[in-house]
Amino acid sequence: MIEILTPAQVDKARRTGALVGTILQTLKDRSAVGTNLLELDRWTADMIRDAGAESCYVDYAPSFGRGPFGHYVCTAVNDAVLHGRPKDQVLRDGDLLTLDLAVRLDGIAADSAISFVVGESRPAGSVELIEVTQTALAAAIDAAGPGQRIGDISHAIGSVLGGAGYPINMQFGGHGIGTTMHQDPHVSNDGRAGRGYQLRPGLLLALEPWVMADTDELVTDDDGWTLRSATGCLTAHSEHTVAITEDGVEVLTLPA
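Residues numbered from 1 in each chain as written. Predicted model: local features only at pLDDT ≥ 70, side-chain atom pairs only at ≥ 80, totals over all residues. Heavy atoms only, no water.

### Some thoughts on the UniProt feature "binding site: substrate" (unreviewed entry) in the chain
Here's step 1: Residues annotated in UniProt with the feature "binding site: substrate" (unreviewed entry) correspond here to His 83 and His 182. For the residues just named, distributed over 100 residues, the greatest C-alpha separation is only 13.6 Å, placing them together at one site. Considered against the largest pocket, the annotated residues that line it turn out to be His 83 and His 182.
Here's step 2: Tracing the chain through its elements places His 83 in the loop between β3 (80-82) and β4 (96-105).
Here's step 3: For His 83, a relative accessible area of 15% translates into the label buried.
Here's step 4: Turning to its location among the elements, His 182 is positioned in the loop between β6 (174-176) and β7 (183-187).
Here's step 5: If we ignore the near neighbours within four places in the chain, the residues touching His 182 are Tyr 60, Asp 111, His 175 and Gly 176.
Here's step 6: Here Tyr 60 takes part through its side chain, which lies 2.5 Å from a polar atom of the side chain of His 182. (UniProt positions renumbered as here; feature names shortened; annotations may be inferred. 1 Å grid on protein atoms, 1.4 Å probe; cavity = no way out; pocket = protein on both sides within 12 Å on 5 of 7 lines; lining within 4 Å. Helix = DSSP H or I, 4+ residues; strand = E, 2+ residues; numbered from the N terminus. Buried < 20%, exposed > 50% of the residue type's maximum accessible area, 1.4 Å probe, protein only. Contact = heavy atoms within 4.5 Å. Polar contact = N/O pair within 3.5 Å; in protein donor to acceptor, adjacent residues only side chain to side chain.)

### Overview of the nonpolar core
Here's step 1: In this structure, Leu 129, Ile 153, Leu 161, Leu 199, Leu 205 and Leu 207 are the most contacted members of the largest nonpolar core, which totals 28 residues.
Here's step 2: Mapped by element, the contributors of at least two residues to this core are α3 (126-143), α4 (150-163), β8 (204-207) and β13 (240-244).
Here's step 3: At eight residues, the largest contribution of residues to this core is made by α3.
Here's step 4: Excluding its chain neighbours within four sequence positions, the residues that come into contact with Leu 161 are Val 132, Ala 136, Tyr 166, Ile 168, Asn 189, Trp 210 and Val 211.
Here's step 5: Among the nonpolar cores identified, the runner-up in size contains 21 residues, and Val 77, Leu 101, Leu 105 and Val 118 belong to it. (Core = buried A, V, L, I, M, F, W, Y, C linked by side-chain atoms within 4.5 Å.)

### Some details on the pairing of β13
Each regular strand displays side chains that alternate between the two surfaces of the sheet.
Here's step 1: Taking burial as the measure, the five residues of β13 include five buried ones, the bulk of the element.
Here's step 2: Burial along β13 is two-sided: the face carrying His 240, Val 242 and Ile 244 and the face carrying Thr 241 and Ala 243 are both buried.
Here's step 3: With four bridges joining them, β8 and β13 adopt antiparallel strand pairing. If you follow Ala 206 over to β13, its bridge partner there is Thr 241.
Here's step 4: As defined by bridge partners, β13 adjoins strand β14 (residues 249-251) across three bridges and the pair is classed as antiparallel. The residue of β14 that forms the bridge with Ile 244 is Val 249.
Here's step 5: Between β13 and the antiparallel strand that follows it, β14, lie four residues; Gly 248 among them carries a positive phi value of about 160 degrees. (Pairing = 2+ DSSP bridges.)

### A word on the layout of surface pockets
Here's step 1: Considering only enclosed or pocket space, the largest pocket measures out at about 320 Å³ in volume.
Here's step 2: In this structure, the largest pocket is lined by 22 residues; those nearest its centre are Phe 64, His 83, Phe 172, His 182 and Glu 208.
Here's step 3: Class assignment for the residues of the lining of the largest pocket results in ten nonpolar, eight polar and four charged.
Here's step 4: What lines the second largest pocket is a set of 17 residues, and nearest its centre among them are Ser 112, Ala 113, Ile 114, Gln 134 and His 240. (Points joined across faces, edges and corners; volume = space filled by probe spheres on them. Nonpolar A, V, L, I, M, F, W, Y, C, P; charged D, E, K, R; others polar.)

### Brief notes about the packing of helix α1 (residues 7-30) against helix α2 (residues 37-50)
Here's step 1: With their axes 11 Å apart at the nearest point, α1 and α2 run at an angle of 150 degrees to one another. Crossing angle aside, the handedness with which α1 passes α2 is right-handed. From α1, Ile 23, Thr 26, Leu 27 and Arg 30 reach across to α2, where they touch Leu 40, Trp 43, Thr 44, Met 47 and Ile 48.
Here's step 2: Across the contact of α1 with α2, the residue classes break down as six nonpolar, two polar and one charged. (Axes fitted to C-alpha atoms, helices over the stretch in contact; angles between N-to-C directions. Left-handed = near helix turned anticlockwise from the far one by under 90°.)

### What about the packing of aromatic side chains?
Here's step 1: Tallied over the entire structure, the rule returns six aromatic pairs.
Here's step 2: When the centroid spacing of 5.4 Å and the interplanar angle of 80 degrees are considered together, the rings of Phe 64 and Phe 172 count as edge-to-face. Taken as a pair, Phe 64 in the loop between β1 (54-55) and β2 (74-77) and Phe 172 in the loop between α4 and β6 lie far apart in primary sequence, 108 residues in all.
Here's step 3: On the basis of relative accessible area, Phe 64 is assigned to the partly exposed category, the value being 32%.
Here's step 4: Here the aromatic rings of Phe 64 and Trp 225 are separated by 6.1 Å at their centres, their planes lie at 85 degrees, and the arrangement is edge-to-face. Residue Phe 64 is found in the loop between β1 and β2, and its partner Trp 225 is found in the loop between β10 (218-220) and β11 (227-229); the two are separated by 161 residues along the sequence.
Here's step 5: Through successive ring pairs, a cluster of aromatic residues spans Tyr 57, Tyr 60, Phe 64, Phe 69, Phe 172 and Trp 225.
Here's step 6: Sitting over the face of the ring of Trp 43, Arg 30 holds its NZ or CZ atom 5.1 Å from the ring centroid. (Phe/Tyr/Trp six-rings, centres within 6.5 Å; stacked < 30°, edge-to-face > 60°. Lys NZ or Arg CZ within 6 Å of the ring centre and 35° of its normal.)

### A few points about the pattern of salt bridges
Here's step 1: Throughout the structure, instances matching the rule amount to nine salt bridges.
Here's step 2: Close ionic contact of Arg 49 with Asp 46 constitutes a salt bridge, the shortest N to O distance being 3.0 Å. Of this pair, Arg 49 and Asp 46 both sit in helix α2, three residues apart, which is roughly one turn of the helix.
Here's step 3: Of the residues examined, Asp 46 reaches a relative accessible area of 32% and is grouped as partly exposed.
Here's step 4: Residue Arg 228 is joined to Asp 79 by a salt bridge in which the shortest nitrogen-to-oxygen separation is 2.8 Å. Linking Arg 228 in strand β11 with Asp 79 in the loop between β2 and β3, this pair joins segments that are 149 residues apart in sequence. There is no split in this pair, since Arg 228 and Asp 79 are both buried.
Here's step 5: One salt-bridge network, held together by shared partners, links Asp 11, Arg 14, Arg 15 and Glu 250. (Salt bridge = Lys/Arg side-chain N within 4 Å of Asp/Glu carboxyl O.)

Below, the structure is given as structure tokens:
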């Protein structure tokens, strides 16, 4: 289902997006050497509750996961890249941490992800990996707007990631979002310009370039959720929820 929101729903999405962005920024500020991933999950639960919102993750049980996710934020460290299930793990200096968060407020969902390095160390390639996903996300946003097509966004992402020499995995990508977290249309991280669904005002998209340093192959942890690079290489992931408007595109998941 491709859902087109009313102006009133888009206004609600702005509030949800600001909440998601603010929670992620708070978590980043608290992610110090010695922080436990389960602490990050508890802090997320508290902030969602205090805002009167609800988690999109706790009861989420899609076909690609094993049972309900059971946590409030995805925490992916180093070679983990997607659906990282929080566990009893302490962050170390130089860890590349990705936080991915989706919540629903007043019936409208928003989804965002950030990657950053914890502490003072900067392992080889870590900063470049994060920056290429951020550049790809910016290109995706620039390619969106009324009358553009999903393929234009996918092509913009793929041009940045592939142009930088990184393999591109096509199993997971961006998606529509609205009253529920995951909707059509699917937004691949590579594609052909001018193809696919034509964007309309009121459409919300979660755009999420993610990349692994030297492989496009994923493996799944024993927890049934956490996806890692098959070679153990570093990974990164950047995501924003955007709204297609009459005038262009609006990023919703910036911190308030």
